[in-house]
Amino acid sequence: MIEQLSPQQAWELLQQNSKAVLIDVRTKVEYAFVGHPKGAFHIPWKEAPDWQLNPQFIEDVKKTVPDSEAPILLLCRSGHRSQDAAKALEQAGYRHLVNVVDGFEGPLDENNHRGNLGGWRFQGLPWEQS
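Described below are features of the structure shown in this document. Values in this document were obtained by computation on a predicted structure and should not be read as measured data.

### Looking at the pairing of strand β8 (residues 97-100)
Phase 1 of the analysis: The alternating pattern of β8 places L97 and N99 and V98 and V100 on opposite faces, both of which are buried.
Phase 2 of the analysis: Note: strand β7 (residues 72-75) against β8, 3 bridges, orientation parallel. Note that in β8 the partner of L73 across the bridge is V98.

### Side note on the nonpolar core
Phase 1 of the analysis: Core analysis: the biggest nonpolar cluster contains 19 residues, and I23, F57, I72 and L74 have the highest contact counts within it.
Phase 2 of the analysis: Listed by contribution, the elements that provide at least two residues to this core are β2 (21-24), α3 (57-64), β7 and α4 (81-91).
Phase 3 of the analysis: For this core, the element with the highest residue contribution is α4, accounting for 4 residues.
Phase 4 of the analysis: Not counting residues within four places of it along the chain, the set of residues in contact with L74 comprises I23, V25, F57, S82, A85, A86, L89, L97, V98, N99 and V100.
Phase 5 of the analysis: Among the nonpolar cores identified, the runner-up in size contains 14 residues, and L5, V98, V100 and L125 belong to it.

### Quick word on the sheet that holds β7
Phase 1 of the analysis: The sheet built from 5 strands is open, its strands ordered β1-β8-β7-β2-β4 with parallel pairing. In the strand order of this sheet, the two ends are held by β1 (2-5) and β4 (41-42), each with one partner.
Phase 2 of the analysis: Relative to β4, β2 runs parallel, the two being bridged by 2 bridges. Directly across from I23, in β4, lies its bridge partner F41.

### Side note on the packing of aromatic side chains
Phase 1 of the analysis: For the structure on display, the rule yields 3 aromatic pairs.
Phase 2 of the analysis: On the basis of an interplanar angle of 85° and a centroid distance of 6.1 Å, the ring pair of W11 and W120 is categorised as edge-to-face. Note that W11 is positioned in helix α1 (residues 7-16) and W120 in the loop between β8 and β9 (127-128), a separation of 109 residues in sequence.
Phase 3 of the analysis: Since its relative accessible area comes to 23%, W11 is described here as partly exposed.
Phase 4 of the analysis: Taking relative accessible area as the criterion, W120 reaches 0% and is therefore assigned buried.
Phase 5 of the analysis: On the basis of an interplanar angle of 75° and a centroid distance of 5.8 Å, the ring pair of F104 and W127 is categorised as edge-to-face. Within this pair, whereas F104 is found in the loop between β8 and β9, its partner W127 is found in strand β9, the two being separated by 23 residues in sequence.
Phase 6 of the analysis: Judged by its relative accessible area of 31%, W127 is partly exposed.
Phase 7 of the analysis: For the cation-ring pair, R121 lies above W127, with the distance from its terminal atom to the ring centre recorded as 5.2 Å.

### Some words on the side chain of E105
Phase 1 of the analysis: With respect to the element layout, E105 can be found in the loop between β8 and β9.
Phase 2 of the analysis: Buried charged residue E105 carries no salt bridge. Nearest counter-charge: R121, at 4.2 Å.
Phase 3 of the analysis: Those residues in contact with E105 that sit more than four places away from it in its chain are R26, V34, R77, R114, G115, G118, G119 and R121.

Reading the values: the criteria
Residues numbered from 1 in each chain as written. Predicted model: local features only at pLDDT ≥ 70, side-chain atom pairs only at ≥ 80, totals over all residues. Heavy atoms only, no water. Buried < 20%, exposed > 50% of the residue type's maximum accessible area, 1.4 Å probe, protein only. Helix = DSSP H or I, 4+ residues; strand = E, 2+ residues; numbered from the N terminus. Pairing = 2+ DSSP bridges. Core = buried A, V, L, I, M, F, W, Y, C linked by side-chain atoms within 4.5 Å. Contact = heavy atoms within 4.5 Å. Phe/Tyr/Trp six-rings, centres within 6.5 Å; stacked < 30°, edge-to-face > 60°. Lys NZ or Arg CZ within 6 Å of the ring centre and 35° of its normal. Lys, Arg positive; Asp, Glu negative; His and termini not counted. Salt bridge = Lys/Arg side-chain N within 4 Å of Asp/Glu carboxyl O.

Interpretation note: all reported values are geometric properties and have no functional meaning in isolation.
Here it is in structure tokens:
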């Protein structure tokens, strides 16, 4: 089962459990220029410009988090790619998976802008830009 947590709940889990790992599954450009949570590992699920699945995703996660029992929190722009990545990790044998609902930038507002209604950055949680 893949747990669904808000950014604030995800942050609290990371603070409470030293084995918990946050993986940002967005593209290199998103991670670097839009910003990312402090301390997050960057392992893209898909990469631009063709948006093909990263064939090394599972292997890269296994290198980063070899313990299949450790909590892995996954974050993308809005919570959709991270959910797909969590499903793939579940099939690979990971047991404690968390999708960060609303991701880093949150849902679109009435003007089709992100960052105004929710997400990691909107909540004021620690983040940085490269």
